[in-house]
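# An overview of the molecular structure
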Amino acid sequence: MPPQSILRSQLLAAAVALGLSTGFSIPAALADQEPCIGNSAAVTGPAAFSGQAIKMGAEIAIEEINAAGGVLGKKLRLIQYDDAGAPPRGVDNTRRIALADKCIAVLGGFHSTVALAQVDPVHEIGIPYMGVWAANTKAIENGRDPNFMFRVSAKDKWVARFLVDEALKVSKTGKVAFFYENTGWGNGALPDVKAALAAKGKELLAAETFNWNDQDMSPQVIRARDAGADVAIIWSLDREANQILRSMDKASWKPAIVGAWGISGNLGELAGPLANGVRVMQTYSFLTPQSEAGKRLLAAVEAKTGIKDPKDIKAPSGIANSYDAVYVLADAIKIAGSFDWKKVQQALYQVSRDGLVAPYKPAFDKADPERQDAILPQYYLLTVWHDGKLIPLKGSPYDK
């Protein structure tokens, strides 16, 4: 190896070690970005289905892009890391993706607690982040300028308005209870839900919180029941929502239920018939009429998984969001004419395309802090659990 190459390798190794331990970015001279996208997501643990969905959607998009010639004459590739829903691991993965792998962008995962922790390292380093699931409002509306956090997913501020609208439609009394997990995601949603209700001239009748792995939600359920609520908004993961439903059953309380998409993974398996009729916000379903891109993606998913019935595909929103996000990133690279982080970050505001989930015209708007989010709320979709499957509410047995 030539002496200058040896020196460069030594400097790079030292810079990466420093970056991984402190969070500082490496010198620009050593930061020539590679045509790769790194994903930090939960591919183990109770939310492993989410990381697998994100990985699948991204891989299929990359395969299509590469089959069409790649980007700037180079083939894209995906590098996957497991964060298991743990914020420190998400931070470490962000630094590895940027400083060791030198990828062009970080794809975000399922957990908002991880996304919130990634805000600082993303901006210390200056690498574009593209969220594809975690919906916490502040993760993206973080006050940074320039802002390197983008999202092709839902946003809790908008999800809260969507779910409040649906809750009031099914409520006979307008009395709403809110069950939310005691995490950055759940606590961040509480003011969003209160604000959405206030805009309708309503207040929360009950706000009940819980921790991960809590086994009995009876006290929270009984307080909400006795307060007189006839509809519950649930902001949790499947595991805890299962306990909420079982506690409701024990308390002989049967409110209408609408939920954020944390309960879109395996609630039907965990809760069985108790999940029937639980409405869940989504961004995509393979059970609606499909565009040509949707048919192509569905065929690819079926080929990769062996699944024959679209009802059996878990986390379709995660698959579709990551699929669109990769195409948006590829468009930005082409516009930038470079794999440089700063140039790609600026080019993201110029992307305009008809996506799978929604039209992105433009994908983002630099002048509007709310528009670091690409999927507008009019493209959200209401689904419902029925016999262990998550299906569109429209045309379902619960469509009244």
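What you see as residue numbers is a count from 1 along each chain, following the sequence as written. Restriction of local features to residues with pLDDT of at least 70 applies here, the model being predicted, together with a cutoff of 80 or more for giving and counting side-chain atom pairs; totals for whole chains, interfaces and linings are based on all residues. Water and hydrogen atoms play no part in the side-chain values, which are based on all heavy atoms of the structure.

## A look at unusual backbone geometry
Short version of the rule: Secondary structure follows DSSP: runs of H or I at least 4 residues long count as helices, runs of E at least 2 residues long count as strands, and numbering of each begins at the N terminus. Think of it in three bands: residues with accessible area under 20% of the maximum for their type are buried, residues over 50% are exposed, and the middle band is partly exposed, with areas taken using a 1.4 Å probe on protein chains only.
Looking along the chain, the bond that leaves Asp145 and enters Pro146 is cis, with omega of 0°. Mapped onto the secondary structure, Pro146 falls in the loop between helix H5 (137-140) and strand S5 (149-151). Following Lys361, the chain continues into Pro362 via a peptide bond in cis, with omega recorded as -5°. Of note, Pro362 is situated in the loop between strand S12 (359-360) and strand S13 (381-386). A positive phi angle, close to 55°, is found at Ser252, a residue other than glycine. For Ser252, the location among the structural elements is in the loop between helix H9 (238-250) and strand S9 (256-259). Given a relative accessible area of 65%, Ser252 falls into the exposed group.

## Structural notes on the confidence of the model for the chain
As a reminder of what qualifies: On a scale of 0 to 100, pLDDT captures the predictor's confidence in every residue. Two residues form a contact once any of their heavy atoms are found within 4.5 Å.
Summary statistics for the chain give a mean pLDDT of 92 and a share of 92% for residues scoring 70 or more. A low-confidence stretch, residues 1-30 stays under pLDDT 50, and its non-local contacts, those more than four residues away or across chains, total 36 contacts.

## Points about the sheet that holds strand S3 (residues 105-107)
Going by this rule: Criterion used throughout: strands pair if DSSP finds at least two bridges between them. Angular values range over 0 to 180 degrees, each being the angle between N-to-C directions of two axes fitted as lines to C-alpha atoms, with helices fitted over their stretch in contact.
An order of S2-S1-S3-S4-S5 is seen for the five strands of this open sheet, with the pairing classed as parallel. A strand with exactly one partner marks an edge of an open sheet, and here the two such strands are strand S2 (77-82) and S5. Taking each pair of neighbouring strands and ignoring which way they run, the sheet shows an average axis angle of 25°.

## A look at the sheet that holds S9
On the basis of which strands lie adjacent, the open sheet formed by seven strands has the order S7-S6-S8-S9-S10-S13-S14 and mixed pairing. Each edge of the open sheet is held by one strand with a lone partner, namely strand S7 (206-210) and strand S14 (389-392). Direction aside, neighbouring strands of the sheet carry axes that sit 25° apart on average. When strand S6 (residues 176-181) meets S7, the two strands line up parallel, connected through five bridges. Bridge pairing in S7 links Phe179 to Glu208. Contacting S6 and S7, helix H8 (residues 218-227) crosses the sheet at an angle of about 175° to S7.

## Things to note about the pattern of salt bridges
What counts here: Salt bridges, as used here, are contacts in which a Lys or Arg side-chain nitrogen is within 4 Å of a carboxyl oxygen on Asp or Glu.
As enumerated under the stated definition, the model contains 23 salt bridges in all. The closest approach of N and O atoms between Asp120 and Arg144, which form a salt bridge, is 2.4 Å. Placement of the pair is Asp120 in helix H4 (residues 112-125) and Arg144 in the loop between H5 and S5, with a sequence separation of 24 residues. Among the residues examined, Asp120 registers a relative accessible area of 40% and is labelled partly exposed. In this structure, the salt-bridge partner of Asp249 is Lys254, at a minimum N-O distance of 3.9 Å. The partly exposed category is assigned to Asp249, whose relative accessible area is 39%.

## Quick word on the side chain of Glu240
Position of Glu240 among the secondary structure elements: in helix H9. Given the relative accessible area of 0%, Glu240 is considered buried.

## Considerations on helix H11 (residues 292-305)
Selection rule: The length a helix should cover is 1.5 Å for every residue beyond the first. Think of the arc as the fan of directions from the helix axis to the C-beta atoms.
A rise of 1.5 Å per residue sets the reference length of H11, with its 14 residues, at 20 Å; its end C-alpha atoms lie 20 Å apart and thus fit the reference within 8%. Those residues of H11 lying buried are Gly294, Leu297, Leu298, Ala300 and Val301. For H11, the buried positions fall inside an angular range of 165° around the axis, keeping them on one side. Of the exposed residues in H11, those oriented more than 90 degrees away from the buried face are Glu292 and Ala303. Looking at the buried positions of H11, the neighbouring elements they touch are helix H2 (48-67) and helix H12 (316-336). Directly beyond the C-terminal end of H11, a positive phi value near 80° is found at Gly306.

## Digging into the environment of Leu348
With respect to the helices and strands, Leu348 occurs in the loop between helix H13 (341-347) and strand S11 (353-354). Between the alpha carbons of Leu348 and Glu269 there is a distance of 39 Å; along the sequence they are 79 residues apart.

## Some thoughts on the nonpolar core
Rules: Residues enter a nonpolar core if they are buried and are Ala, Val, Leu, Ile, Met, Phe, Trp, Tyr or Cys, with the set joined through side-chain atoms within 4.5 Å.
Met130, Phe179, Ile233, Trp235 and Phe364 are the most contacted members of the largest nonpolar core, which has 134 residues in total. Here this core takes eleven residues from H12, the largest share from any one element. When near neighbours in sequence (up to four residues on either side) are disregarded, Met130 contacts Val106, Leu107, Gly108, Phe150, Arg151, Val152, Ala325, Val328, Leu329, Leu348 and Phe364.

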